[in-house]
Amino acid sequence: MKRYIQHEYLKVSHFTAREWEHPVHNHNHFELIFIHKGSGTHCISGMNIPYEGPCLFLLAPCDAHHFEITVPTVFTFIKFTNVYLHGAGNMRLQQSWNQELDQLLLQARQKKMMKTGIQRMEPLIQLVAAEWKAAGQESSDTVFFLLQALFTMIKQVADHELLEAGPKSGARVTHILNYIHEHIHQADDIQVEQLAELFGFSKHYLGAFFKEQTGTTLRDYVNQYKLQLLENRLHYSVFSLKEISYELGFNDQSHLNKFFRRYHDMSPSAYREQVQGLA
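The paragraphs below set out a description of the structure included in this document. Just so you know, the residues in each chain are numbered from 1, in the order the chain's sequence is written. Two thresholds apply to this predicted model, a pLDDT of at least 70 for residue-level local features and 80 or more for giving and counting side-chain atom pairs, whereas whole-chain, interface and lining totals are computed over all residues. For the side-chain quantities, the full set of heavy atoms in the structure was used; hydrogens and water were omitted.

**Some details on the packing of aromatic side chains**
Centres within 6.5 Å make a pair out of two Phe, Tyr or Trp rings, where for Trp the six-membered ring is used; the pair is then stacked when the planes are under 30 degrees apart, edge-to-face when over 60, and tilted otherwise. Taken as a whole, this structure holds 20 aromatic pairs when the rule is applied. Ring centres of F67 and F75 lie 4.9 Å apart, and the angle between their planes is 65°; this geometry places the pair in the edge-to-face category. Only protein chains enter the accessibility calculation, which uses a 1.4 Å probe. A residue is then buried if its area is under 20% of the maximum for its type, exposed if over 50%, and partly exposed in between. Judged by its relative accessible area of 0%, F75 falls in the buried class. Remark: a charge is flagged as sitting over a ring if the NZ atom of Lys or the CZ atom of Arg is within 6 Å of the ring centre and within 35 degrees of the ring normal. Directly above the aromatic system of F250 lies the positively charged group of K226, at a separation of 5.0 Å from the ring centroid.

As structure tokens, this is what we get:
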């Protein structure tokens, strides 16, 4: 499979396509793909998702994709690395962005395509494309903060959809999942006792309910999610192991190493050298 490498922190493109010229590929960057109009199929990691503009797709680097266009389609692609969103040129936001990026990727995992609230997002997307062009196809503070506003809007739309779902079992477990994702950095807040009390379950029933709804145990889900965040940090960030262990709620670097070796036959340092060497 072809892998597209983008060395720029940010790249914005706006175009119309009648045929898709790229093979199935993944990236070393994240993508927001806004479809203004047109229709066809977006093939993402083995899923064939029909699309009709306007709609928005969110892709992580591991997502392999291509388009099969039926009706000529107007795209805006916003391709960015986490280095840019860590605050390249905007270092004042560097520390806060980690959790914002995690939430963006959560939306990408939960829902590959968004249709709700698109009318509100489209003018913002158009502003991003216009400001990018006005700045000579380079990033600017205006583009940076427009993107922050866009990501905030995406999260608001997803939260609204959750509330509209009502108090069904699926919505209840989604509330629990969102709470875990938002508090993954505070280990005490996601202990089973704390979650059971917060969501009105007994400790034992929460475990049974969670496994019934998700197919995995609560402990395994928390560990797998934390592992994914840890792998992302090692792959894409420049933070030290000490900084990562503190951010993700490990007691110390030794605790991080022990946790990581449960899932990988190597140390976090060796994993970082390996994956960054492949980038």
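Having seen it, we continue.
**Comments concerning the environment of E212**
Runs of E in the DSSP output that reach at least two residues are strands. Runs of H or I that reach at least four are helices, and both are numbered from the N terminus. Among the secondary structure elements, E212 is positioned in helix α7 (residues 203–214). Since its relative accessible area comes to 62%, E212 is described here as exposed. Each C-alpha atom of the pair E212 and V173 lies 9.9 Å from the other, and the pair is 39 residues apart in sequence.

**A look at unusual backbone geometry**
Here the residue pair G53 and P54 is connected by a cis peptide bond, since its omega of 0° sits within 30 degrees of zero. Of note, P54 is situated in the loop between β5 (47–52) and β6 (55–59). Within the chain, Q137 stands out as a residue other than glycine whose phi angle is a positive 60°. Considering the arrangement of structural elements, one finds Q137 in the loop between α3 (118–134) and α4 (141–165).

**Overview of the packing of helix α8 (residues 218–236) against helix α10 (residues 253–261)**
Between the N-to-C directions of two axes lies an angle of 0 to 180 degrees, each axis being a line fitted to C-alpha atoms and, for a helix, fitted only over the stretch in contact. In contact at an axis separation of 11 Å, α8 and α10 are set at 110° when each is read in the N-to-C sense. As summarised for this structure, α8 and α10 are arranged roughly perpendicular, according to the angle between their axes. On α10, the residues touching N223, K226, L227, L230, E231 and L234 of α8 are L256, F259 and F260. Polar here means any residue outside two lists: the nonpolar Ala, Val, Leu, Ile, Met, Phe, Trp, Tyr, Cys and Pro, and the charged Asp, Glu, Lys and Arg; Gly therefore counts as polar. For the contact of α8 with α10, a count of residues per class yields 6 nonpolar, 1 polar and 2 charged. Throughout, the term roughly parallel applies to angles under 35 degrees, roughly antiparallel to angles over 145, roughly perpendicular to angles from 65 to 115, and oblique to all others. The contact criterion used throughout is that any non-hydrogen atoms of two residues lie within 4.5 Å.

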